[in-house]
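Breakdown of the fold
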Amino acid sequence: MLTIYIVLLLGWPSFMTISRWGSLGRPSLLWGLILLFWWIVTRLQTRADDETTIPQPLRYAFGALVIVALVSFAAAMLRGQPTDQISPAVTALFRLASWAGVLFVAIDGIRTHADAARLVRRLAIGGAALAALGLAQFVTGQTLLDWTSSIPGMTVDLADAATRGSFTRASGTAIHPLEYAVPVVASLPLAITAAVNGGFRARFSPHRGWWWVAVGVITIASVIAVSRSAIIGLAVAVIFSLPAIPVAFRWVIGVGGGILSLIVLAVVPGLLGTIVGLFAGASDDPSTQSRVDGLARVPEFISSSPLLGQGFGTFLPRYYIFDNAWVLMLVELGVIGVVSFAMLVTIAIGSAYSASRVSRVASTKAMSRAIAASMVTIAVLMIFFDGVSFTISAGLLFFMAGMAAAMRSVAHAEAGIDNG
C-alpha cells in the first residue's frame with residue numbers, strides 16, 4: 001500500500017488531476033485518504049493485546065497539528081471568508097487527512113527491518129528515477145511529458161520547461177523545479193546508505209553497483225538543477241548522511257562527490273558561472289528579495305490572529321507569495337500552529353536518531369540515520385519555498401516522518417525493549 005503511494009507521489013505528474021474531482025483529483029491525495037480509512041478500520045479491529053507497546057510521540061505532535069488546523073479553520077469560517085477561499089480551505093483539510101493516512105500507516109505498518117529496507121530501497125529508486133528524468137529534461141530542453149495532455153478525463157496544467165540563463169530547469173514530474181528538488185536531494189541519504197550497505201541485503205548481490213549509479217545520478221541532477229535551493233539541499237543531505245556510513249566510506253563519498261561535481265561543471269559550459277552568480281548575486285535576485293520582503297510583512301498578516309493565524313488553506317497567492325513553508329504556516333496557523341509543525345519535524349528526526357542508538361543491527365542504525373538526514377534536508381528546503389502547498393514535497397515529508405517513527409519501533413523490537 002505504501003509502495004503504491006510512492007509510485008503515485010513521484011511517478012504521477014503532480015500537474016495532472018482527475019477532471020471530475022477538481023483540486024482533490026490528485027491520485028496520491030486520494031490514495032492517502034484510502035490509507036487513512038484502511039488504518040481506521042484496522043485500528044477498530046485491533047485487540048488490546050495486539051497493540052504496540054512502544055510509545056510514539058509523533059502521534060501526539062501530529063494530533064496537536066490537526067487540532068490547531070481544525071480550530072483555525074473553524075475560526076476563519078466564523079469570521080467569514082470570500083467564496084473563492086472556502087474551497088481551498090476545505091481541500092487543505094482533505095490534504096491533512098491524506099497525510100494522516102500516510103503517516104499512520106507507515107508508523108503502524110512498518111514493523112520489521114525487512115519492511116523498512118524495502119521501502120528505503122524503493123524511495124531511493126524513486127528519487128533516482130526522478131533525477132534521471134530531470135537529467136533528460138536538462139539535456140533536451142523539454143518537459144518530455146507533453147503526452148499527458150492526451151489522456152482522457154484528466155486536467156493537465158503543464159507549463160513549458162522553466163529556464164535560468166541559458167539552462168533548462170528540470171522539474172521532473174513536479175509542478176515547479178523546487179518541488180522536484182525536494183525528493184531528489186532527500187533521496188540521496190537513502191541511496192548512499194543503500195550503496196554502502198549493499199541494498200540492506202544479507203547476501204552479496206551482483207547488482208550492488210547500481211546503487212552507486214543511483215547516487216551519481218542524484219548528485220549530477222542536483223548540481224545541474226540551476227537552483228540555490230538544490231545546491232544547499234545537496235550539501236545538507238551529504239553532511240547529515242556522513243554519520244550513517246562507516247568512516248572508511250566518508251572520504252569516498254566526500255571526495256568522490258566533489259570530483260563528480262567538478263566534472264559536471266567542467267563538461268557543461270557556463271554552468272559554473274551561472275551557479276556562482278546565483279550565490280554571488282543573491283542580494284540583488286528578485287526571488288531572494290521577495291523572500292526578505294515577505295518576512296517584513298509577516299506581522300501585518302498575523303496581527304488579527306497571532307495565535308491561530310488566518311485559517312489553514314485560506315491564504316491564497318493573490319495576497320502574497322512567501323516562498324517559505326514555515327512562514328506560510330505561521331500566517332495560516334499562527335504561532336501555535338508553526339510550533340506544532342516544528343515539534344512534528346523535530347520529533348520525527350529525534351525518533352530516527354533514537355532508533356539508531358537503540359538498535360543492535362548495523363543496517364537498521366544506518367537506515368535510521370539516513371531517514372533522519374532526509375527529514376533534516378526536507379525541513380531545510382521548506383525554508384526556500386512553500387513546500388507544504390505542493391503535492392510531492394508535502395507528501396514526502398509526512399511519509400518520511402512516519403518512517404522515522406516506525407524505525408523507532410523496529411529498533412526497540414530488535415533490542416528486545418518493551419516500554420509497555
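Computed from a predicted model, the values in this text were never measured in an experiment. (Residues numbered from 1 in each chain as written. Predicted model: local features only at pLDDT ≥ 70, side-chain atom pairs only at ≥ 80, totals over all residues. Heavy atoms only, no water.)

1. Remarks on the overall build of the chain
Scanning the chain for helices and strands turns up 15 helices and four strands. In summary, the chain has a C-alpha radius of gyration of 21 Å against a globular reference of 22 Å for 420 residues, a match within 12%. If one aligns the C-alpha atoms of the chain with their principal axes, the spans along those axes are about 60 × 60 × 45 Å. Among the 420 residues that make up the chain, the fraction classed as buried is 53%. At a minimum sequence separation of 6, the contacts of the chain that also span at least 24 residues come to 78%. Accessible surface, the chain as shown: approximately 18,000 Å² in total, 67% of it carbon and sulfur. In the chain, which carries 26 positive and 19 negative side-chain charges, the distance between the mean positions of the two groups comes to 10 Å. (Helix = DSSP H or I, 4+ residues; strand = E, 2+ residues; numbered from the N terminus. Rg over C-alpha atoms; globule rule 2.2 N^0.38 Å. Buried < 20%, exposed > 50% of the residue type's maximum accessible area, 1.4 Å probe, protein only. Contact = heavy atoms within 4.5 Å. Areas by Shrake-Rupley, 256 points an atom, 1.4 Å probe, with all protein chains shown as cover. Lys, Arg positive; Asp, Glu negative; His and termini not counted. Charge placed at Lys NZ, Arg CZ, Asp CG, Glu CD.)

2. As for the confidence of the model for the chain
Averaged over every residue, the pLDDT of the chain is 87; the share at 70 or more is 94%. Within the chain, helix α1 (residues 2–11) carries the highest mean pLDDT (96), whereas helix α12 (residues 286–302) carries the lowest (77). (pLDDT = per-residue confidence, 0-100.)

3. Remarks on the pattern of salt bridges
Pairing between side chains of opposite charge can happen when the charged atoms of each approach one another. Enumeration over the complete set of coordinates arrives at four salt bridges. The partner of R59 in a salt bridge is D108, with the nearest N and O atoms 2.4 Å apart. In this pair, R59 sits in helix α3 (residues 57–79) while D108 sits in helix α4 (residues 83–109), placing the two residues 49 residues apart along the sequence. Taken as a pair, R59 and D108 share a single burial class, namely buried. The closest approach of N and O atoms between R118 and D115, which form a salt bridge, is 2.7 Å. (Salt bridge = Lys/Arg side-chain N within 4 Å of Asp/Glu carboxyl O.)

4. Description of the packing of aromatic side chains
Under the defined criterion, the tally for this structure stands at 13 aromatic pairs. On the basis of an interplanar angle of 45 degrees and a centroid distance of 6.4 Å, the ring pair of F301 and Y320 is categorised as tilted. Placement of F301 in helix α12 and of Y320 in the loop between α12 and α13 (325–358) is noted, with a sequence separation of 19 residues between them. Residue F301 shares its accessibility class with Y320, and that shared class is buried. A ring pair is formed by F385 and F390, whose centres lie 5.5 Å apart and whose planes are at 45 degrees; its orientation type is tilted. Taking relative accessible area as the criterion, F385 reaches 3% and is therefore assigned buried. Members of the aromatic cluster, connected to one another through ring pairs, are W39, F62, W99, F104 and F398. (Phe/Tyr/Trp six-rings, centres within 6.5 Å; stacked < 30°, edge-to-face > 60°.)

5. Things to note about a nonpolar patch on the surface
Where nonpolar side chains cluster on the molecular surface, the patch consists of W251, V255, I259, I263 and V267 and spans about 560 Å² of accessible area. Turning to its location among the elements, V267 is positioned in helix α10 (residues 247–267). (Patch = residues over 30% accessible without salt bridge, like charges linked within 9 Å, V, L, I, M, F, W, Y side chains within 5 Å.)

6. Some points on the packing of α13 against helix α15 (residues 391–415)
Helix-helix packing: each pair is described by the crossing angle between the helix axes and the interaxial distance. At a minimum axis distance of 8 Å, the contact between α13 and α15 shows a crossing angle of 30 degrees. In this view, α13 runs roughly parallel relative to α15, as classed from their interaxial angle. Of the two elements, α13 crosses α15, and the hand of that crossing is left-handed. When α13 is examined against α15, the residues F341, L344, A348, S351, A352, S354, A355 and V358 are found in contact with a partner set consisting of L397, F398, A401, A404, A405, M407, R408, A411, H412 and A415. Taken together, the residues of the contact of α13 with α15 sort by class into 14 nonpolar, three polar and one charged. (Axes fitted to C-alpha atoms, helices over the stretch in contact; angles between N-to-C directions. Parallel < 35°, antiparallel > 145°, perpendicular 65-115°, else oblique. Left-handed = near helix turned anticlockwise from the far one by under 90°. Nonpolar A, V, L, I, M, F, W, Y, C, P; charged D, E, K, R; others polar.)

7. Describing the nonpolar core
If you look at the biggest cluster of nonpolar residues, it comprises 122 residues, and the most contacted ones within it are L271, F322, L344, I371 and F399. A total of 15 residues in this core trace back to one element, the largest contributor, which is α13. In this structure I371 touches V120, L190, A352, M400, M403, A404 and M407, once residues within four positions along its chain are discounted. (Core = buried A, V, L, I, M, F, W, Y, C linked by side-chain atoms within 4.5 Å.)

8. A look at α3
Taking 1.5 Å of rise per residue, the 23 residues of α3 would be expected to cover 33 Å, and the 33 Å separating its terminal C-alpha atoms lies within 8% of that figure. Looking only at α3, the buried set comprises L58, R59, A61, F62, L65, V68, A69, S72, F73 and A76. Immediately downstream of α3, the backbone of G80 shows phi near 95 degrees, a positive value. (Expected span 1.5 Å × (residues − 1).)

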